[in-house]
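# Architecture at a glance
Okay, here's what each chain looks like letter by letter:
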Amino acid sequence: MELADRYVITSNRESGFERYDVILKPRKKEDDAFILEFKVHDPDDEKTLQDTVEAALKQIEDMNYKSVLMEEGICEDRIRKYGFGFEGKRVLIG
């Protein structure tokens, strides 16, 4: 499925330092928006891959990434937040 016709996709590379990894902003008001944050498991900072996912979700909240979408009129209850934790070939999404 192609998302370009339903979403404006912005990545960290396009938005600058200390920003979200990926945001999908809906083109239609009835679609939800998505904030995606990706983290590689660092055993010095996190015990488990779940801890890595939690750190990604915490970063979304702490950095208030939703404000970018809310400034464009997207209601908070239409914003979905996902943290991705990577460890080698293992991936956990929360």
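Our structure is the block above this text.
Residues numbered from 1 in each chain as written. Predicted model: local features only at pLDDT ≥ 70, side-chain atom pairs only at ≥ 80, totals over all residues. Heavy atoms only, no water.

### A short note on helix 2 (residues 49-62)
Note the threshold: Where helices and strands are cited, they refer to DSSP runs of H or I of at least four residues and of E of at least two residues respectively, numbered from the N terminus. An expected span of 1.5 Å times one less than the residue number is assigned to each helix. The criterion used for residue contact is that any of the two residues' heavy atoms lie within 4.5 Å. The definition of a polar contact used here is a pair of N or O atoms within 3.5 Å, where within protein one atom must be able to donate a hydrogen and the other to accept one, and adjacent residues in sequence count solely through side-chain atom pairs.
Spanning 14 residues, helix 2 covers 20 Å between terminal C-alpha atoms, matching the ideal 20 Å at 1.5 Å per step. Elements in contact with the buried residues of helix 2: strand 3 (33-40), strand 4 (79-87) and strand 5 (90-93). Capping the start of helix 2 is the job of one residue whose side-chain oxygen sits 3.3 Å from the backbone nitrogen of Gln50: Thr48. Within two residues after helix 2, Asn64 carries a phi angle of roughly 55°, on the positive side.

### Side note on the nonpolar core
The condition that has to hold: Nine residue types can take part in a nonpolar core, namely buried Ala, Val, Leu, Ile, Met, Phe, Trp, Tyr and Cys, and a core is a set of them joined through side-chain atoms within 4.5 Å. Here's how the labels work: a residue is buried when its accessible area is under 20% of the maximum for its type, exposed when over 50%, partly exposed in between, all with a 1.4 Å probe on protein chains only.
Formed by Tyr20, Ile23, Ala33, Ile35, Ile60, Tyr65, Leu69, Ile74 and Ile79, the largest nonpolar core amounts to nine residues. If near-sequence neighbours (up to four positions away) are discounted, Ile35 is found in contact with Tyr20, Val22, Ile23, Ile60, Tyr65, Lys66, Leu69, Ile79, Arg80, Lys81 and Tyr82.

### Considerations on unusual backbone geometry
Although it is not a glycine, Asn64 adopts a positive phi angle of roughly 55°. Mapped onto the fold, Asn64 is located in the loop between helix 2 and helix 3 (66-70). We classify Asn64 as partly exposed; its relative accessible area is 36%.

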